[in-house]
Amino acid sequence: MSKWVQGTVVGRRRWTDRLHSLQVAAPEVTFVAGQFGRLALPAPPGSKEEMVGRPYSFVNAPDSAPHEFYFVTVPEGPLSPRLATLVPGEPVWLLRTANGFFSVGELPEAELLWCLSTGTGLGPFLSILRTPEPWARFRRIVLVHAVRHGDELSYGDVIAGIAAARPGAFTFVPMVSREPHPGALAGRIPDAIREGRLEFRAGLALAAETSHVMLCGNPAMVDDTQKALAERGMRRHRRREPGHVTVETYW
Ligand SMILES: Cc1cc2nc3c(=O)[nH]c(=O)nc-3n(C[C@H](O)[C@H](O)[C@H](O)COP(=O)(O)OP(=O)(O)OC[C@H]3O[C@@H](n4cnc5c(N)ncnc54)[C@H](O)[C@@H]3O)c2cc1C
Ligand SMILES: NC(=O)c1ccc[n+]([C@@H]2O[C@H](COP(=O)([O-])OP(=O)(O)OC[C@H]3O[C@@H](n4cnc5c(N)ncnc54)[C@H](OP(=O)(O)O)[C@@H]3O)[C@@H](O)[C@H]2O)c1
């Protein structure tokens, strides 16, 4: 039996020329919030592999259908530009099982959870924050979405829904690095941490004694933010050596 499950595109949303969301009906595919699945399309003729597949984080909550994926097209990439052309009714293939340890069940006890993302790294946090678990585990949750331009601040409707459902427990901090944007912090996440601007905006202290930090997106952001957090005595969390920082990199 092929390892691939055939799903059907049932919806898509175009946020900018390069940012898209794809909704896929594939009821046999299951996951834990924060995990990633694999999307695939048939490989071009003459390829060694039958399919071209890549990992993508689930954006929907595990108990809601259809599945949703938020992605950026990499113009020279073999899969993402093709995904962006799919329309409702067309097939796309998925792995039956999801992967990854970027989920609330893997986190140690803490009072505050900081969810820091760049670009499409927002996706797994939307899945996590639409489940009850993090709200039962953490007193306050801060979500940061850092992008280059204001029009890349996607999913405002979902984020507003989370805020409405969790009064007093949730803070959203948009960041825009390459232009001034009303209501957004300027610059990059590590600088905003070092300069105290992120804590000031959230009204909370980012400290090893109280906080756990999840980082998702650009690997350079993940590296640089870990350095800024290390200056506060926060180190990588591992199952065998509990720490304060959990990471997922996209390339
Ligand atoms: C665990 C995991 C989860 C992922 N989840 C997502 C997701 O939810 N959404 C998503 O858009 N991508 C995600 N990715 C990246 C995704 O798997 C693909 O690499 C990406 O869509 C490009 O695919 P491609 O075949 O067109 O090009 P590839 O050959 O895969 O990539 C070419 C180059 O594009 C750049 N790149 C890849 N992904 C991104 C990205 N997301 N943002 C900016 N630059 C990128 C890198 O420089 C990479 O070397 C994830 C990757 C991993 C490892
Ligand atoms: N967004 C576009 O308009 C655009 C256009 C053409 C091609 N691309 C390509 O598409 C890919 C994805 O672009 P993207 O804009 O979605 O994601 P991105 O390049 O990861 O940018 C998202 C955010 O992450 C920040 N960032 C980058 N490096 C960082 C670091 N070391 N530490 C902390 N923050 C960091 C960026 O700040 P800075 O702005 O300061 O870098 C930006 O605010 C990239 O490979 C890019 O080359 C993007």
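Located above this text is the structure these notes cover.
Residues numbered from 1 in each chain as written. Chains lettered and ligands numbered in written order. Predicted model: local features only at pLDDT ≥ 70, side-chain atom pairs only at ≥ 80, totals over all residues. Heavy atoms only, no water.

Any chance you could explain the site of ligand 2 here in plain terms?
Near ligand 2 there are 15 residues, and of these Arg-18, Ser-177, Arg-178, Arg-188 and Asn-218 occur at the shortest range. Here an oxygen atom of ligand 2 and a side-chain polar atom of Arg-18 are 2.7 Å apart. Between ligand 2 and Arg-178, the relevant distance is 2.6 Å, taken from an oxygen atom to a side-chain nitrogen or oxygen of the residue. Considered on its own, ligand 2 offers 860 Å² of accessible surface; in the complex 73% of this is hidden by protein. Contributions of two or more residues to the shell around ligand 2 are made by strand S8 (140–147) and helix H7 (219–230). Take the shell around ligand 2: its biggest share by element is three residues, from H7. (Near = heavy atom within 4 Å. Polar contact = N/O pair within 3.5 Å; in protein donor to acceptor, adjacent residues only side chain to side chain. Areas by Shrake-Rupley, 256 points an atom, 1.4 Å probe, with all protein chains shown as cover. Helix = DSSP H or I, 4+ residues; strand = E, 2+ residues; numbered from the N terminus.)

So what exactly am I meant to see when it comes to the packing of aromatic side chains here?
Here the distance between the centres and the angle between the planes together describe a pair of aromatic rings. One pass over the structure, following the stated rule, counts eight aromatic pairs. Taking the centre distance of 5.1 Å and the plane angle of 50° together, the rings of Phe-58 and Phe-69 count as tilted. Here Phe-69 lies in strand S5 (residues 67–72) and Phe-58 lies in the loop between strand S4 (51–57) and S5, a separation of eleven residues in the sequence. Here Phe-58 matches Phe-69 in class, with each residue buried. Three or more aromatic residues joined by ring pairs form one cluster here, namely Trp-15, Tyr-70 and Tyr-155. (Phe/Tyr/Trp six-rings, centres within 6.5 Å; stacked < 30°, edge-to-face > 60°. Buried < 20%, exposed > 50% of the residue type's maximum accessible area, 1.4 Å probe, protein only.)

Help me understand the site of ligand 1, please; the structure alone is not making it clear to me.
Around ligand 1, the surrounding shell holds 18 residues, and the nearest of these are Arg-54, Pro-55, Tyr-56, Tyr-70 and Ser-80. One of the side-chain nitrogen or oxygen atoms of Ser-80 is found 2.7 Å away from an oxygen atom of ligand 1. Taken by itself ligand 1 offers 870 Å² of open surface, and the protein chains cover 77% of this. Elements with a minimum of two residues in the shell around ligand 1: S4, S5 and helix H1 (80–83). The element best represented in the shell around ligand 1 is S4, accounting for four residues. Considered class by class, the residues forming the shell around ligand 1 number twelve nonpolar, five polar and one charged. (Nonpolar A, V, L, I, M, F, W, Y, C, P; charged D, E, K, R; others polar.)

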